[in-house]
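Chain by chain, the residues:
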Amino acid sequence: MKTIGLILSLVFTSFIATAQQAEEGVTVTVNIENVLNANGKILASLHNSETFLKGEGLDHVAMKSTKGTLTLTFEDVVPGTYAIMVLHDENDNQRMDFEANGMPKENYATTGVMEMYGPPSFDASKFGVSNENLKLNIRF
């Protein structure tokens, strides 16, 4: 009887461990290309359709800027549809700065295809996350 109890507890424990791994999600690695200088920070945020261009994202990463290519990661991303927005915050004021005519002063980019005119859209920026780690490239 003790053997059956031990086997059942081991099986139950393995189910719990598997369920926790599925809830933790995957790693999304992003290579940011064409960073023009080492001023300020690179700010990146992970968004879904509800948060895109409407406020804080689901997750944030900030790192010191260096000229060239940078790599950042988002951990524990659960399967779904997302977009990543990246800002080169050159003056380190934690926001995007604009010219008087409304044009951005600082470089920014998103995943997907950037529109030539107007703000980016979620549909053009979205990508899917499944159960496998993902690597993306974003170019300023």
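Model, not experiment: these values are computed from the prediction.

Examining the packing of aromatic side chains
When we look at a pair of aromatic rings, we describe it by the centre distance and by the angle of the planes.
Part 1 of the argument: Inspection of every chain in the model, using the stated rule, returns one aromatic pair.
Part 2 of the argument: Ring plane angle 65 degrees and centroid distance 5.7 Å describe the contact between F52 and F122, whose orientation is recorded as edge-to-face. Of this pair, F52 sits in the loop between β2 (41–47) and β3 (59–64) while F122 sits in helix α2 (residues 122–125), and the two are 70 residues apart along the sequence. As far as burial versus exposure is concerned, F52 and F122 are alike and both buried.

Side note on the environment of L136
Part 1 of the argument: In this fold, L136 is placed in strand β8 (residues 134–139).
Part 2 of the argument: Put simply, L136 and T29 are 107 residues apart on the chain and 6.2 Å apart in space, counted from C-alpha to C-alpha.
Part 3 of the argument: Among all residues touching L136, those that are not within four sequence positions of it are V28, T29, V30, N31, I84, T111 and F127.

A short note on the confidence of the model for the protein chain
Part 1 of the argument: When pLDDT is averaged along the protein chain, the result is 87, and 84% of the positions lie at 70 or above.
Part 2 of the argument: Low confidence marks residues 1–22, where pLDDT is under 50. Its contacts with residues over four positions away, or in another chain, come to zero contacts.

Description of the sheet that holds β8
Within a beta sheet, neighbouring strands are joined by backbone hydrogen bonds and run either parallel or antiparallel to one another.
Part 1 of the argument: With respect to topology, three strands assemble into an open sheet ordered β4-β1-β8, the strand pairing being mixed. Both edges of this open sheet fall to β4 (68–77) and β8, since each of them pairs with a single strand only. Between one strand and the next, the sheet's axes are offset by a mean angle of 20 degrees, whatever the strand orientation.
Part 2 of the argument: Bridge count for strand β1 (residues 26–35) against β8 is six bridges, and the pairing is parallel. In the strand pairing of β8, V28 is matched with L134.

Re the pattern of salt bridges
Part 1 of the argument: Under the criterion given, the structure shown has two salt bridges.
Part 2 of the argument: Taking the shortest distance from any N to any O, the salt bridge between R95 and D97 comes out at 3.6 Å.
Part 3 of the argument: The class of R95 is exposed, set by a relative accessible area of 52%.
Part 4 of the argument: Since its relative accessible area comes to 12%, D97 is described here as buried.

Conventions and cut-offs
- Residues numbered from 1 in each chain as written.
- Predicted model: local features only at pLDDT ≥ 70, side-chain atom pairs only at ≥ 80, totals over all residues.
- Heavy atoms only, no water.
- Phe/Tyr/Trp six-rings, centres within 6.5 Å; stacked < 30°, edge-to-face > 60°.
- Helix = DSSP H or I, 4+ residues; strand = E, 2+ residues; numbered from the N terminus.
- Buried < 20%, exposed > 50% of the residue type's maximum accessible area, 1.4 Å probe, protein only.
- Contact = heavy atoms within 4.5 Å.
- pLDDT = per-residue confidence, 0-100.
- Pairing = 2+ DSSP bridges.
- Axes fitted to C-alpha atoms, helices over the stretch in contact; angles between N-to-C directions.
- Salt bridge = Lys/Arg side-chain N within 4 Å of Asp/Glu carboxyl O.

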